[in-house]
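# What the coordinates show
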Amino acid sequence: MSHVEDELRSQPECWERAAKEAAAHRAALPVPGERVAVVGCGTSYFMAQAVAALREETGQGETDAFAASEFPRGRAYGQVIALTRSGTTTEVLSLLAELRGAARTTAITADPETPIRRAADHLVVLDYADERSVVQTRFATTALTLLRAHLGLHTPAAVTDARAALTVPLPEGLVKRREFTFLGRGWTVGLANEAALKMREASLSWTEAYPAMEYRHGPISISAEDTATWMLGPAPEGLAEQVRDTGALWIEGGLDPLAELIRVQRLAVAVAAARGLDPDRPRHLTRSVILAP
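Every chain is numbered on its own, with residues counted from 1 as its sequence reads. Residue-level local features of this predicted model are given only where pLDDT is at least 70; pairs of side-chain atoms are given and counted only at 80 or more, and the full residue set underlies all totals for whole chains, interfaces and linings. In computing side-chain values, all of the structure's heavy atoms are included and hydrogens and water are not.

### Some thoughts on the packing of helix α2 (residues 11-21) against helix α6 (residues 138-150)
Only the stretch in contact is used when fitting a helix axis, every axis being a line fitted to C-alpha atoms; angles between N-to-C directions are given from 0 to 180 degrees. Strands are runs of DSSP state E lasting at least two residues, helices are runs of H or I lasting at least four, and both sets are numbered from the N terminus onward. It is the contact of α2 with α6, at a shortest axis distance of 8 Å, that shows an interaxial angle of 30°. Relative to α6, α2 is oriented roughly parallel. Helix-helix and strand crossings are classified by hand; for α2 and α6 the assignment is right-handed. Seen from α2, the contacting residues are Q11, C14, W15, A18, A19 and E21; seen from α6, they are R138, T141, T142, T145, L146 and A149. Only Asp, Glu, Lys and Arg are considered charged in this grouping, and only Ala, Val, Leu, Ile, Met, Phe, Trp, Tyr, Cys and Pro are considered nonpolar; every other residue, Gly among them, is considered polar. Counted by class, the contact of α2 with α6 contains six nonpolar, four polar and two charged residues. Angles are sorted into four bins: roughly parallel if under 35 degrees, roughly antiparallel if over 145, roughly perpendicular if 65 to 115, and oblique for all others. Two helices that cross are described as forming a left-handed crossing if the nearer one is turned anticlockwise from the farther one by less than a right angle, and a right-handed crossing if clockwise. Note on definitions: a residue-residue contact is assigned when non-hydrogen atoms from the two residues lie within 4.5 Å.

Written as structure tokens, this is what we have:
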């Protein structure tokens, strides 16, 4: 079993622990009404998109998500949350150094024994969700679970669905598809972006991700019999039929959207195996991007 496969299977237990510990981290996390930015790189950026949408959808305050390298320096925030599994990513560390004294900062990380411990005002450590794999799975979803719980949005049903996601068979013929499209709405747009990234990283697949309502505005033109289109969360009315009319395989998951992401992670591993690839050694990637001075 690859590291990534082993780690993705531990997610239900990680989510349970994160949800239980959320209250203990309250002082380090945003309060309702506070203007907040959530930043990260790669997978962490897509989790930031999900968090920002969730916080705004529940009326808890204006919240933006940025890739750490694209943070708008002229914009003021009460707090900046940085998601960083390794605690060593250059763009995150550079941004936190710039923000010192200008905004309260909190880093959510898997490894506190890294430069991140000196870069942020507050540290939330999820060391039990750390990973050996380059390809992120459990740290990202555990960090999002912690923040969902902090927002009052986590329920035990999400963990139940996560366990189901590990055993429910993937749709027949899905692994053999050549093109994969992931769609989301609201907070699940970030999950769709992450789903596409997982397929690229682990299996070198051709993938896209869009807000679901945008799919009709051009991208649907590429759908064909070799395409699988996966909806994370409830689909817009009529979209499933339109996608099926193209010959594409339509997948509308009935699980909690974060649990559906586990199913996508399983798909990425399965496609990698079918193509003779090692998901623990993704092409051109390292566990953390550390840029030379």
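### Concerning the pairing of strand β8 (residues 227-232)
The buried label goes to any residue with under 20% of its type's maximum accessible area, the exposed label to any with over 50%, and the partly exposed label to all in between, with areas taken from a 1.4 Å probe on protein chains only. Along β8, six of the six residues are buried, which leaves the element largely enclosed by surrounding structure. Residues T227, T229 and M231 of β8 are buried on one face, and the alternating residues A228, W230 and L232, pointing to the opposite face, are buried as well. Pairing between strands requires that DSSP locate at least two bridges from one strand to the other. Bridge analysis of strand β6 (residues 179-184) against β8 gives six bridges, and the strand direction is parallel. Note on β8: the bridge partner recorded for F182 is W230. Direction of pairing for β8 relative to strand β9 (residues 249-252): parallel, over a ladder of four bridges. Across the sheet, the residue bridging to A228 is L249, located in β9. When the strands point away from the viewer and the path from the first strand over the helix to the second turns clockwise, the crossover is right-handed. Of the crossover connections in this fold, the one passing from β8 over helix α9 (residues 239-245) to the parallel β9 is right-handed.

### Details of the layout of surface pockets
In this analysis, the protein atoms alone were mapped onto a 1 Å grid. Cavities are point sets where a 1.4 Å probe fits without being able to get out; pockets are open sets with protein on both sides within 12 Å along at least five of seven lines; lining residues have an atom within 4 Å of a point. Grid points are joined across faces, edges and corners, and a volume is the space filled by probe spheres set on the points. The calculated volume of the largest pocket comes to roughly 370 Å³. Lining the largest pocket are 21 residues; nearest its centre among them are C41, G42, Q136, R287 and V289. Breaking the lining of the largest pocket down by element, the ones donating at least two residues are α3 (43-57), β3 (79-84), α4 (90-99) and α8 (188-203).

### A short note on the side chain of S203
Note that S203 resides in helix α8. Within polar-contact distance, the side chain of S203 engages the backbone oxygen of M199 at 2.7 Å. In protein, a polar contact requires one atom able to donate a hydrogen and another able to accept it; more generally it is a pair of N or O atoms within 3.5 Å, and residues adjacent in sequence count only if both atoms are side-chain atoms.

### Considering empty space enclosed by the protein
Rolled over the atoms, a probe sized like a water molecule indicates the empty space that remains. Tallied over the entire structure, the rule returns two cavities of 30 Å³ or more. Reported here for the largest cavity is a volume of approximately 60 Å³. What lines the largest cavity is P30, V38, V51, R55, I81, L147, H150 and L151. Looking at the lining of the largest cavity, the elements that each hand over two or more residues are α3 and α6. Looking at side-chain class alone, the lining of the largest cavity contains six nonpolar, one polar and one charged residues. Quantified by volume, the second largest cavity comes out at close to 30 Å³. Lining the second largest cavity are V4, L8, V135, T137, K198, A202, Q265, A268 and V269. Of all the secondary structure elements, the ones that give two or more residues to the lining of the second largest cavity are α1 (3-8), α8 and α10 (257-274). The dominant element in the lining of the second largest cavity, judged by the number of residues it contributes, is α10, at three residues. Looking at the lining of the second largest cavity residue by residue, the class counts come to six nonpolar, two polar and one charged.

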